[in-house]
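Below, each chain spelled out in residue letters.
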Amino acid sequence: MFAKAFRVKSNTAIKGSDRRKLRADVTAAFPTLGTDQVTELVPGKEELNIVKLYAHRGDAVTVYVSGGNPIIFELEKNLYPTVYTLWSYPDLLPTFTTWPLVLEKLMGGADLMLPGLVVPPAGLPQVQKGDLCAIALVGNRRSGDKSSLPSIAPLALDLPDVTEEKRSIQADSALQGDMRHLTLEGVEEENGEVHQMCGEKTLLETSEDPSVGGLNPDPTDSKTLQEQMDEQLQRCFLHALKCRVKKADLPLLTSTFLGSHMFSCCPEGRQLDIKKSSYKKLSKFLQQMQQEQLIQVKELSKGVESIVAVDWKHPRITSFVIPEPSPTSQTIQEGSREQPYHPPDIKPLYCVPASMTLLFQESGHKKGSVLEGGEVRTIIINYAKKNSLVDADNKNLVKLDPILCDSILEKSERHTVMKLPWDSLLTRCLEKLQPAYQVTFPGQEPVVKKGKICPIDITLAQRASNKKVTLVRNLEAYGLDPCAVAAILQQRCQASTTVTPAPGTKDGLQVQIQGNQVHHLGRLLLEEYQLPRKHIQGLEKAPKPGKKK
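The rules behind each value
Residues numbered from 1 in each chain as written. Predicted model: local features only at pLDDT ≥ 70, side-chain atom pairs only at ≥ 80, totals over all residues. Heavy atoms only, no water. Helix = DSSP H or I, 4+ residues; strand = E, 2+ residues; numbered from the N terminus. Buried < 20%, exposed > 50% of the residue type's maximum accessible area, 1.4 Å probe, protein only. Contact = heavy atoms within 4.5 Å. Areas by Shrake-Rupley, 256 points an atom, 1.4 Å probe, with all protein chains shown as cover. Polar contact = N/O pair within 3.5 Å; in protein donor to acceptor, adjacent residues only side chain to side chain. Pairing = 2+ DSSP bridges. Expected span 1.5 Å × (residues − 1). Arc of directions from axis to C-beta.

Peer 1: Honestly, the overall build of the protein chain in this entry has me stumped. Any pointers?
Peer 2: Counting its regular elements, the protein chain contains 18 helices and 26 strands. Within the span of the protein chain, comprising 549 residues, buried residues form 42% of the whole. Excluding contacts between residues fewer than 6 apart, the proportion of contacts in the protein chain whose partners are at least 24 apart in sequence is 57%. Accessible area of the protein chain: about 30,200 Å², with a carbon and sulfur share of 50%.

Peer 1: Quick question: what am I supposed to make of the side chain of S407 here?
Peer 2: Inspection of the secondary structure puts S407 in helix 15 (residues 402-408). A distance of 2.8 Å separates the side chain of S407 from the backbone oxygen of I403, its partner in a polar contact. If sequence neighbours within four positions are ignored, S407 has contacts with S355, M356, L359 and K432.

Peer 1: Looking at this model, I keep getting lost on the sheet that holds strand 13 (residues 252-253). Mind explaining?
Peer 2: Neighbouring strands of a sheet are bound in pairs by backbone hydrogen bonds; such pairs are parallel or else antiparallel. Across the sheet, three strands lie side by side as 13-15-14; this open sheet has antiparallel pairing. Whereas interior strands pair on both sides, the edge strands pair on one side only; in this sheet they are strand 13 and strand 14 (295-301). Alignment of strand 14 against strand 15 (residues 304-310), held across six bridges, turns out to be antiparallel. What sits directly across from I295, in strand 15, is V310.

Peer 1: Help me understand helix 1 (residues 16-29), please; the structure alone is not making it clear to me.
Peer 2: For helix 1, spanning 14 residues, the distance from its first C-alpha to its last is 20 Å, which sits close to the expected 20 Å at 1.5 Å a residue. Listed in full, the buried residues belonging to helix 1 are R19, L22 and V26. Within helix 1, the buried residues cover an arc of 60° as seen down the axis, which keeps them to one side. Exposed residues pointing more than 90 degrees away from the buried face of helix 1 are listed as R20, K21 and A28. Against helix 2 (35-41), strand 2 (48-54), strand 3 (60-66) and strand 5 (78-81) lie the buried residues of helix 1.

Peer 1: What am I meant to see in unusual backbone geometry here?
Peer 2: Cis peptide bonds are those with omega within 30 degrees of zero, and the linkage from L250 to P251 qualifies with -5°. In this fold, P251 is placed in the loop between helix 8 (225-243) and strand 13. You will see that N474, though not glycine, has its phi angle at about 65°, which is positive. Mapping N474 onto the fold places it in the loop between strand 23 (467-473) and helix 17 (482-493).

Peer 1: When you look at the environment of R533 in this model, what are you seeing that I'm missing?
Peer 2: Among the structural elements, R533 can be located in the loop between helix 18 (518-528) and strand 26 (536-537). Sequence-wise, R533 and I456 are 77 residues apart; in three dimensions their C-alpha atoms are separated by 9.8 Å. Those residues in contact with R533, other than ones at most four positions away along the chain, are L526 and L539.

Peer 1: Would you mind going over the pairing of strand 2 with me for this structure?
Peer 2: Regular strands have side chains that alternate between both faces of the sheet. With five of seven residues buried, strand 2 is to be regarded as a mostly interior element. For strand 1 (residues 7-13) and strand 2, the ladder comprises six bridges, and the chain directions are antiparallel. Within strand 2, the position partnered with S10 by the bridge is K52. Two elements, strand 2 and strand 3, share seven bridges in a ladder whose sense is antiparallel. Counted as the bridge partner of L53 is V61 from strand 3.

Below, the structure is given as structure tokens:
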């Protein structure tokens, strides 16, 4: 299920009520776990995230991640432990033991046959159809006398069927092909950017390496996680200076340098987390680089640091070799790359109301007919000429007959207004018609909807402690995924984002970003997504630039 590229929809911290519910669900699903073990698996106060993702076949999966390691995932309202959890709790599920050579056949989709089982002295575990079971390997022990636990799958036959009829153990076909690989190596949210790593190890490799979610999967690497992160930070720093930052970009905000340059230099399948390094903060890391005379950092405004100079001739920069992307990462990236966004073509239309049916029936239109603005003008002009309503003395004026009076004039005007200029006549006709619009997305059929299209609404709101947040609504009407927009803004603004139901709507969503981020929103919607300014309201709420001293 997770061996191929998958798409992360959201990654949020779990709520207290959801944490308690998960603990209760785990207790019910895995009765072999004691109270202390459930509390250890689902901690009360430690970091625990809910990751919602779509597998390569489109399955919606919820993964619970504790301390950067996936522990439980939910599919079709059923809970499954990850292989990482099975390593921690080897007695969690009934276990069938087999040989490494048999595993190669299982990886090809074959059933686990009875001759391939190692029958313990106590006999096979007592299981029934649908019970979740683990498959372990002989001779690859993690600790004590427990064999490795490389795979899980629901049993598709009762135990009598196993022993009497087919002499084979059949895993549920819906999960059998997906359980041939380690479920997850790690899903982490780092500094506003969601990273996902797809496991590519076979079950045999996984059984020999129980580490999951680490920065470096090589068990022979003696470096600590902190030392690895320090090296990763140095490489991304030098890569960004050598390839991405130009002299014209200076002075450059340190937060922009991190979010827009260093993160993009992080290799595929790796993570960049300053908090896991020895520096802990970006400012301390940049101070160290300044002491090595690579860069010069100044506080151009109170509390805001910027890189003002870079020594591109420094030996560390000139000698840095830009790493080439691996073929595997290129394949994964190409397979998971989404189509670039193209704005829809939005065309205003007009519907004929009941009050104007007589005016348009001569041209073959009835109540509810949808017309373009040019068609409306042509119909009105032809109607006036056909009924000899053009003033003979002034061709710019049109005499109003009873039908025109009833269609475009107010009741108070019907006895006073006898003629109208052409432009006023056409404007009034368009105003009296009911609004509609046509939306055409690239590669799709046009869709006509009545009413006016709601613009993308950007507002500011106050939260606790007088903090401001930016709210964005109506993104779906323009073909934008609120979760994808939230992920992009989270990285660029270096601020937390959430996607919640929009108040007053049935299925609408709104994106909330911490702080006043209207300026970043405007650049994203106008410059990158190429949306017309007339379809966006609230851009004037961007913070005003400070006065120069």
